[in-house]
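Geometric and topological summary
What follows is the residue order along each chain.
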Amino acid sequence: MKKHNFSAGPCILPQEVLQQASAAIINFNNDDLSLIEISHRSNSFVAVMEKARNLALELLGLENKGYKALFLQGGASLEFLMVAYNLLNKKAAYLNTGTWADKAIIEAKHFGKLVEVASSKDKKYNYIPKGYEIPTDADYFHCTSNNTVAGTQMKEFPETNVSLVCDMSSDIFSRQLDFSKFDLIYAGAQKNMGPAGATLVIIKEDILGKVERHIPSMLDYQIHIDKDSMYNTPSVFAVYVSMLTLQWLKDLGGIPFIEEVNNKKAALLYTEIDRNPLFKGIVAREDRSTMNATFVLTDKSLKDTFDKMWTEAGISGINGHRSVGGYRASMYNALPLYSVQTLVDVMKALERAQA
Ligand SMILES: *Cc1c(COP(=O)(O)O)cnc(C)c1O
């Protein structure tokens, strides 16, 4: 039986997507060729790329609003650099909510003045700063919607006239937002959409072309737009699996449907973390992520017992990030409610065993 996969990334994908993807590795489209041995310029693959881009825009409600969807490579980490390369003229504002935001800041500093509007580094990123001000003359404001490592999530985004840029790697397609508030959204595929190797970038085309510097071709959003994400050979497998996952999501009822499931899963787990005296959460309640729930044992001596119990229950991937410790249960879109129920049952069983 498949394990209950709570991995933070690369993460669980729908079983039916994995099945379709493995069939396509052998025989894609009944062409008697593998998906990964055909030309990316073939009609069959061009159709995949187009469908993936269209599904992304459709699910986010961004069709016909001046946005382009790109599938690039280099992970979200390369976007830290590309965003600044393409958009930073003089000054950019960044919200520092954790490891990933911090890395984005490091890259952007090379391109202009960087204003860190607020940071939660003082408390190991266990909350989302609020009430900060964004300089109105900034070229853009960059934030990270979900801190995958600490388990915090922005529930609100600032009202500002400054362009909003957001790293949504670990919660894109998980909840309803007014995505048209953002001028640029990026996400590494491997958290909530597909295998590693593709990065989705959603970009409002009219924000481009405003920097003076020469942009290397591979880092130039405009070139990737003009070439329909095929300036060079795209990561065909990652794009294909992302397309299948987006289609799976659409067939289920899209983001409104999955948001409800995600809320149920998160409520189930956080309720147990709060109720069970053997566990406690480690981030501010109002900022808790629905995707990555972090918690610790109140009595560390129970670690070996608890670890053995969840392993025996078929649970995988709940060890906390190496920088945080404790536990982190990642509940991405494809994780079923019964996997969360299994974890909660183990937590209850641990409590009974101590009584
Ligand atoms: C995982 C993650 C990244 C890094 O993604 P890569 O694709 O490995 O570069 C960046 N931002 C967030 C929020 C993440 O969760």
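Read on for an overview of the structure. (Residues numbered from 1 in each chain as written. Predicted model: local features only at pLDDT ≥ 70, side-chain atom pairs only at ≥ 80, totals over all residues. Heavy atoms only, no water.)

A short note on the side chain of Ser174
Under the convention used in this document: Strands here are runs of E lasting at least two residues and helices are runs of H or I lasting at least four, both read from the DSSP assignment and numbered beginning at the N terminus. Two residues qualify as a contact provided that any one of their heavy atoms is within 4.5 Å of a heavy atom in the partner residue.
You can see Ser174 is positioned in the loop between β8 (164–167) and β9 (184–188). Sequence-distant contacts of Ser174, that is, excluding residues within four places in its chain, are made with Asn192, Ile255, Ile258, Glu259, Asn262, Met291 and Asn333.

So, unusual backbone geometry
Note the cut-off: Exposed residues in this analysis have more than 50% of their type's maximum accessible area, buried residues have under 20%, and partly exposed residues fall in between, with area computed by a 1.4 Å probe over protein chains only.
The peptide bond linking Gly9 to Pro10 adopts the cis configuration, its omega dihedral lying at -10°. Secondary-structure assignment places Pro10 in the loop between β1 (4–5) and α1 (15–26). For Asp228, which is not glycine, the phi torsion reads 50° and is therefore positive. Within the element layout of this structure, Asp228 appears in the loop between α5 (221–226) and α6 (236–252). Of the residues examined, Asp228 reaches a relative accessible area of 41% and is grouped as partly exposed. The backbone of Ser229 sits at a positive phi, close to 60°, despite the residue not being glycine. Here Ser229 shows up in the loop between α5 and α6.

Notes on the site of the ligand
Put simply, the rule is: Near residues are defined by distance, with any heavy atom within 4 Å of the molecule or strand qualifying the residue. Here a polar contact is taken to be a pair of N or O atoms separated by no more than 3.5 Å, where protein atoms must pair a possible hydrogen donor with a possible acceptor and residues adjacent in sequence count only if both atoms sit in side chains. Residue exposure ignores everything except the shown protein chains as possible cover, and the areas themselves are Shrake-Rupley values with a 1.4 Å probe. When residue character is reported, Ala, Val, Leu, Ile, Met, Phe, Trp, Tyr, Cys and Pro are called nonpolar, Asp, Glu, Lys and Arg charged, and the others, Gly included, polar.
As a matter of local geometry, the ligand sits amid 13 residues, with Ser77, Thr148, Asp167, Gln190 and Lys191 nearest to it. Within the backbone of Ala76, a nitrogen or oxygen atom sits 3.0 Å from an oxygen atom of the ligand. Between Lys191 and the ligand, the recorded distance is 2.6 Å, taken from a side-chain N or O atom to an oxygen atom. Protein chains bury 88% of the 380 Å² of accessible surface belonging to the ligand in isolation. Looking at the shell around the ligand, the element that brings in the most residues is helix α3 (residues 75–87), giving 4 residues. For the shell around the ligand, the class distribution of residues is 3 nonpolar, 8 polar and 2 charged.

Focus on the packing of α6 against helix α7 (residues 254–275)
Helices that pack against each other are described as a pair by the angle of their axes relative to one another and the distance between those axes. Just so we agree on the cut-off: Comment: axis = line fitted to C-alpha atoms, over the contacting stretch for helices; angle = value between 0 and 180 degrees taken between N-to-C directions. Any angle from 65 to 115 degrees is called roughly perpendicular, while one under 35 is roughly parallel, one over 145 is roughly antiparallel, and all others are oblique.
Taken N-terminus to C-terminus, the directions of α6 and α7 make an angle of 85°; their axes are 7 Å apart at the nearest point. When the axis of α6 is compared with that of α7, the two are roughly perpendicular. Of the residues in α7, those in contact with Trp248, Leu249, Lys250 and Leu252 of α6 are Gly254, Ile255, Phe257 and Ile258. A breakdown of the residues in the contact of α6 with α7 according to their chemical character gives 6 nonpolar, 1 polar and 1 charged.

Looking at the sheet that holds strand β12 (residues 292–297)
Spelled out, the test is: Pairing between strands requires that DSSP locate at least two bridges from one strand to the other.
Pairing within the open sheet is antiparallel, and its 3 strands lie in the order β11-β12-β14. Edge positions in the sheet fall to β11 (279–281) and β14 (327–330), since each has one partner strand and no second. Averaged over all neighbouring strand pairs, the angle between strand axes comes to 35°, with direction disregarded. Taken together, the 4 bridges between β12 and β14 define a ladder with antiparallel strand orientation.

What about the nonpolar core?
What counts, and what does not: Definition of nonpolar core: a set of buried residues of the types Ala, Val, Leu, Ile, Met, Phe, Trp, Tyr and Cys, connected through side-chain atoms within 4.5 Å. Domain start and end points were adopted from an automatic or database domain assignment.
Within the largest apolar cluster, 87 residues are counted, with the highest numbers of intra-cluster contacts made by Phe141, Phe173, Ile202, Leu269 and Phe306. It is α6 that contributes the most residues to this core, 10 residues altogether. Three or more residues apiece are contributed to this core by two domains, here domain 1 (15–252) and domain 2 (254–354). Other than its neighbours up to four places away in sequence, Ile202 contacts Ala56, Leu57, Leu60, Leu62, Tyr67, Lys68, Ala69, Asp183, Leu184 and Ile185. Ranked by size, the runner-up nonpolar core spans 31 residues in total, among them Leu81, Ala92, Phe111 and Tyr186.

Looking at the packing of aromatic side chains
Definition in use: The aromatic pairing rule takes the rings of Phe, Tyr and Trp, using the six-membered ring of Trp, and pairs them if the centres are within 6.5 Å, calling planes under 30 degrees apart stacked, those over 60 edge-to-face and the rest tilted.
Summed over the entire model, instances satisfying the criterion amount to 10 aromatic pairs. Ring plane angle 50° and centroid distance 4.8 Å describe the contact between Tyr85 and Phe111, whose orientation is recorded as tilted. On the criterion of sequence distance, the pair formed by Tyr85 in helix α3 and Phe111 in the loop between α4 (99–108) and β4 (113–119) is long-range, its members being 26 residues apart. Relative accessible area serves as the criterion here: at 18%, Tyr85 is assigned to the buried category. Among the residues examined, Phe111 registers a relative accessible area of 15% and is labelled buried. Each ring, one from Tyr94 and one from Tyr140, has its centre 5.8 Å from the other, and the planes form 70°; the classification is edge-to-face. Residue Tyr94 is located in strand β3 (residues 91–96), and its partner Tyr140 is located in the loop between β4 and β5 (141–144); the two are separated by 46 residues in the primary sequence. We classify Tyr140 as buried; its relative accessible area is 0%. One aromatic cluster is present, built from ring pairs that chain together Phe279, Phe295, Phe306 and Tyr327.

A few points about the pattern of salt bridges
Cut-off, in case you're wondering: Whenever a carboxyl oxygen of Asp or Glu lies within 4 Å of a side-chain nitrogen of Lys or Arg, that contact is scored as a salt bridge.
Applying the stated criterion across every chain yields a total of 15 salt bridges. For Glu286, the salt bridge is made with Lys130, and the minimal N-O distance between the two is 3.7 Å. Taken together, the residues span a long stretch of sequence, with Glu286 in the loop between β11 and β12 and Lys130 in the loop between β4 and β5 at a distance of 156 residues. Here Glu286 matches Lys130 in class, with each residue exposed. For Glu272, the salt bridge goes to Lys348, with nearest N and O atoms at 2.9 Å. Linking Glu272 in helix α7 with Lys348 in helix α9 (residues 337–354), this pair joins segments that are 76 residues apart in sequence. Judged by relative accessible area, which is 29%, Lys348 ranks as partly exposed.

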